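This is what each chain is made of:
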Amino acid sequence: MADTIAETVDLLYTIDQEHLTLDQQIALGTAMATLAQAERLEQINERLRGIHQVLNSWALKATVDGGR
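A. Helix H2 (residues 22-66), seen in detail. Compared with an ideal rise of 1.5 Å per residue, which puts 45 residues at 66 Å, H2 spans 65 Å between its outermost C-alpha atoms and is within 8% of the ideal. Of all the residues in H2, the buried ones are Leu28, Leu35, Ala38 and Glu42.

This is the structure:
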């Protein structure tokens, strides 16, 4: 997903905004806001993956320690 976000950012910033109609400017603004939201969701997802790994390691350790 991160590659898609980066590619979309590159694409959005290559658009010549001076030659857009009002409707196109609104659509571009909406696209940029949606992209910012997607970037934030990706950051949250990365943090959740890290938390998941920690919890899994704790659970595994508890299983191993409990079996001794």
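From this point on, the discussion continues.
B. The arrangement of the pattern of salt bridges in detail. Inspection of the entire model under this criterion finds two salt bridges. Measuring nitrogen to oxygen at the nearest pair gives 3.8 Å for the salt bridge that ties Arg49 to Glu42. For Arg49, a relative accessible area of 43% gives the class partly exposed. Residue class for Glu42 comes out buried when judged on its relative accessible area of 11%. With a shortest N-O distance of 2.8 Å, Asp65 and Lys61 are connected by a salt bridge. Residue Asp65 and its partner Lys61 are located together in helix H2, separated by four residues, close to a single helical turn. For Asp65, a relative accessible area of 35% translates into the label partly exposed.

Reading the values: the criteria
- Residues numbered from 1 in each chain as written.
- Predicted model: local features only at pLDDT ≥ 70, side-chain atom pairs only at ≥ 80, totals over all residues.
- Heavy atoms only, no water.
- Helix = DSSP H or I, 4+ residues; strand = E, 2+ residues; numbered from the N terminus.
- Expected span 1.5 Å × (residues − 1).
- Buried < 20%, exposed > 50% of the residue type's maximum accessible area, 1.4 Å probe, protein only.
- Salt bridge = Lys/Arg side-chain N within 4 Å of Asp/Glu carboxyl O.

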